[in-house]
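# Architecture at a glance
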Amino acid sequence: MSSSAKIPARRPAKTASKTASKAVAPAKLGLRQTRQRGVIAAILEAAPGPLTIPEIHQQALKAQPGSNVGIATVYRTLNLLVENRRAQLVILPSGDTRYEAAGHKGHHDHFQCKTCGKVFDIDACLLGLAHGAILPGGYRVEGHELTLTGQCPDCAAKPVKRMR
Ligand SMILES: [Zn+2]
Ligand SMILES: [Zn+2]
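Let me sum up the structure you'll find in this document. Note that this is a predicted model, so its numbers are computed, not measured. Think of each chain on its own: its residues are numbered from 1, step by step along the sequence as written. Each chain gets a letter, beginning with A, and each ligand a number, beginning with 1, in the order they are written. Residue-level local features of this predicted model are given only where pLDDT is at least 70; pairs of side-chain atoms are given and counted only at 80 or more, and the full residue set underlies all totals for whole chains, interfaces and linings.

A few words on the overall build of the protein. Only DSSP runs of H or I reaching four residues or more are called helices, and only runs of E reaching two or more are called strands; each is numbered from the N terminus. Helix and strand counts for the protein stand at four helices and seven strands. Listing the helices and strands of the protein from first to last along the sequence gives α-α-α-β-β-β-β-β-β-β-α. The exposure scheme places C-beta atoms from the backbone and then counts, for each residue, the other C-beta atoms within 10 Å of its own, assigning buried at 20 or more, exposed at 12 or fewer, and partly exposed in between. Considering the protein as a whole, with its 164 residues, one finds that 13% of them fall into the buried category. By the criterion used throughout, residues are in contact when their C-beta atoms, derived from the backbone, lie within 7 Å. A separation threshold of at least 6 residues defines the contact pool for the protein, and within that pool the share at least 24 residues apart is 46%.

Structural data, given as structure tokens:
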């Protein structure tokens with residue numbers, strides 16, 4: 001009864017494509033999406049610190065004169081970049097939600113100017129606390145996010161209007 005093994009010897013070379021979204025004109029949409037992703041990833045990588053969505057939107061418009069990229073597209077693109085680990089969300093103690101390029105800088109802390117609100121990457125870690133350090137009470141440190149506040153160089157250089 002053993003009609004000898006009819007086990008397929010080969011597996012299909014390609015697993016069925018799960019990216020066949022036939023519903024929407026994929027070519028055009030895909031191309032524009034890819035382009036936006038590149039533009040926004042480049043903006044994040046060139047930024048001196050994490051940016052807000054409106055800031056990213058402004059820069060995306062500037063980078064593509066004549067285009068009218070909407071803020072919804074920027075938002076969607078950022079989500080995709082986060083999914084692909086090319087960007088990460090930064091939530092500051094002020095509640096400010098920003099995005100920065102992921103990975104390429106390693107650990108760094110942030111500085112937020114109290115006057116202009118801009119946020120800068122501080123390229124040195126100011127907290128000399130080793131990973132794995134044990135704090136009094138037995139808390140084992142695995143990381144930290146530090147946001148310093150004060151005046152950025154530009155704002156510090158401006159004459160201070162002080163009441164006397
Ligand atoms: Zn400032
Ligand atoms: Zn640090």
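Moving on, there is more to tell.
Time to look at the sheet that holds strand E7 (residues 147-150). By definition, two strands form a pair when at least two bridges between them are found by DSSP. Read across the open sheet, the three strands follow the order E4-E3-E7; overall the sheet is mixed. The outermost strands of the open sheet, each flanked by one partner alone, are strand E4 (119-122) and E7. Recorded for the sheet is a direction-independent mean angle of 30° between the axes of neighbouring strands. Across four bridges, the pairing between strand E3 (residues 109-113) and E7 is parallel. Residue pairing in the sheet places Phe111 in a bridge with Leu148 of E7. Note on geometry: axes are C-alpha line fits, over the in-contact stretch for helices, and angles between N-to-C directions span 0 to 180 degrees.

Remember that side chains alternate between the two faces of the sheet whenever the strand is regular. Note: E3 against E4, four bridges, orientation antiparallel. Looking across to E4, one finds that Asp109 is bridged to Ile122. Here E3 hands over to E4 after five residues, with Gly117 in that stretch at a positive phi of 85°.

On to the nonpolar core. Each nonpolar core comprises buried Ala, Val, Leu, Ile, Met, Phe, Trp, Tyr and Cys residues, the members being joined through C-beta atoms within 7 Å. Ile40, Ile43, Leu44, Leu51, Ile56, Ala60, Val74, Leu78, Leu81, Ala87, Tyr99 and Ala101 form the largest nonpolar core, which has 12 residues in total. Only helix H1 (26-46), helix H2 (53-63), helix H3 (71-83) and strand E2 (97-101) provide two or more residues apiece to this core. Filtering out sequence-adjacent residues up to four positions away, Leu81 remains in contact with Arg37, Ile40, Ala41, Arg86 and Ala87.

Running from N to C, H2 and H3 point in directions that differ by 110°, and their axes come no closer than 10 Å. The orientation of H2 with respect to H3, classified from their angle, is roughly perpendicular. Contact with H2, carried on its side by Ile53, Ile56, His57 and Ala60, involves Ile71, Val74 and Tyr75 of H3 and no other residues of that element. Within the contact of H2 with H3, the residues separate by chemical class into six nonpolar, one polar and no charged. In these notes the angle categories are as follows: under 35 degrees is roughly parallel, over 145 is roughly antiparallel, 65 to 115 is roughly perpendicular, and the rest is oblique. Three residue categories are used. Nonpolar comprises Ala, Val, Leu, Ile, Met, Phe, Trp, Tyr, Cys and Pro, charged comprises Asp, Glu, Lys and Arg, and polar comprises the others, including Gly.

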